[in-house]
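What the coordinates show
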Amino acid sequence: MRDLAGGFGYLLAGQRWVLRHGRWLGFGLLPGLVSLVLYAGALVGLGYGADDLTAWATPFADGWSSPWLGLFRGFLTGLVFCLGLFVAVITFTAVTLLIGQPFYESLSEQVDRSEGGDAPESGLPLWRELWISARDSLKVLVRVLLYGVLLFALGFIPVIGQTVIPAIGFCVSGFFLAEELTAVALQRREVELADRLVLLRSRRMLVLGFGVPLVLAFLVPLVAVFLMPGAVAGATLMVRDLTGEDEAPAADPKTDTAAAASGGAQAPAGGAAGGFGPPPPTYS
């Protein structure tokens with residue numbers, strides 16, 4: 001539960017960061033608006049064509065009597081649209097990050113600098129970074145589609161398909177959405193996709209606490225556009241926790257000895273269990 005709350009805390013901290021640095025919020029709206037127009041058109045088209053697609057895919061039901069034909073195809077139409085929405089939520093972030101790659105990378109670097117220390121840089125040319133980002137996003141999309149097909153099939157199970165499966169779908173969406181957002185900071189740290197997934201799975205509840213509320217928020221029109229800059233900032237803050245960069249430095253034995261001799265109290269060092277320090281209370 002602590003990690004769930006911590007993940008949500010990073011999401012809020014990222015939004016606070018961009019509000020305190022208003023110009024980053026302003027520049028960050030343009031890539032999101034472009035993506036929103038593209039996805040809105042695609043979802044409207046799917047909404048108009050989903051019933052025709054369902055009718056084409058189920059010719060065996062043409063002779064069914066009312067109301068069974070309408071209920072069956074209406075249910076399938078709803079599932080098709082939900083699957084499209086599921087894919088849209090995941091790929092929206094990838095496409096928006098790809099469109100706004102130079103901006104979001106600069107934003108992530110600025111967040112690192114504001115937290116102290118150096119901001120890691122990949123040192124790669126822009127075209128190479130775009131290629132890596134597109135390649136990794138495609139690999140993630142394949143995974144998402146596999147999960148989507150499986151969840152779509154499980155949606156036919158009575159009761160469970162209408163209750164448990166949608167909840168699992170939101171968790172899957174939240175995990176991969178968080179992966180796309182943390183990729184901005186982790187790619188600068190030269191962490192490959194396979195290693196990123198291992199790292200995120202090691203703190204699964206932290207990642208879900210960050211990603212699932214964001215998925216739910218992204219279902220509201222226009223919200224995704226305004227939350228994207230803060231989501232990138234929050235993901236960068238979370239990466240600092242995942243990689244242990246926010247841990248307190250180890251205590252110096254000589255300092256401990258001197259403090260003991262003088263009767264002074266030595267402040268505890270180190271992070272939380274598992275080697276990860278807790279998120280700092282405030283972000284500037």
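As the structure is a prediction and not an experimental result, all values here were calculated from the model.

Moving on to the overall build of the protein chain. Along its length, the protein chain carries ten helices and zero strands. Going from N to C terminus, the protein chain has its helices and strands arranged as α-α-α-α-α-α-α-α-α-α. Within the span of the protein chain, comprising 284 residues, buried residues form 41% of the whole. A fraction of 79% describes how many contacts in the protein chain between residues 6 or more apart in sequence connect residues 24 or more apart.

It is worth spelling out helix 9 (residues 223-242) at this point. Taking 1.5 Å of rise per residue, the 20 residues of helix 9 would be expected to cover 28 Å, and the 27 Å separating its terminal C-alpha atoms lies within 8% of that figure. Just beyond helix 9, the residue with positive phi is glycine 244, at close to 80°.

Moving on to a positive patch on the surface. A cluster of basic residues, Lys139, Arg143, Arg201 and Arg204, forms a positive patch at the surface. Inspection of the secondary structure assignment puts lysine 139 in helix 5 (residues 126-154).

This structure, assessed with the given rule, holds eight aromatic pairs. Arranged with centres 5.0 Å apart and planes meeting at 45°, the rings of tryptophan 64 and phenylalanine 72 form a pair that is tilted. For tryptophan 64, a relative accessible area of 37% puts it in the partly exposed group. Owing to a relative accessible area of 23%, phenylalanine 72 belongs among the partly exposed residues under this scheme. Taken together, Tyr39, Phe92 and Phe218 form an aromatic cluster joined through their ring pairs.

What counts and how
Residues numbered from 1 in each chain as written. Predicted model: local features only at pLDDT ≥ 70, side-chain atom pairs only at ≥ 80, totals over all residues. Heavy atoms only, no water. Helix = DSSP H or I, 4+ residues; strand = E, 2+ residues; numbered from the N terminus. Buried < 20%, exposed > 50% of the residue type's maximum accessible area, 1.4 Å probe, protein only. Contact = heavy atoms within 4.5 Å. Expected span 1.5 Å × (residues − 1). Patch = residues over 30% accessible without salt bridge, like charges linked within 9 Å, V, L, I, M, F, W, Y side chains within 5 Å. Areas by Shrake-Rupley, 256 points an atom, 1.4 Å probe, with all protein chains shown as cover. Salt bridge = Lys/Arg side-chain N within 4 Å of Asp/Glu carboxyl O. Lys, Arg positive; Asp, Glu negative; His and termini not counted. Charge placed at Lys NZ, Arg CZ, Asp CG, Glu CD. Phe/Tyr/Trp six-rings, centres within 6.5 Å; stacked < 30°, edge-to-face > 60°.

No statement about biological role is implied by the geometric values presented.
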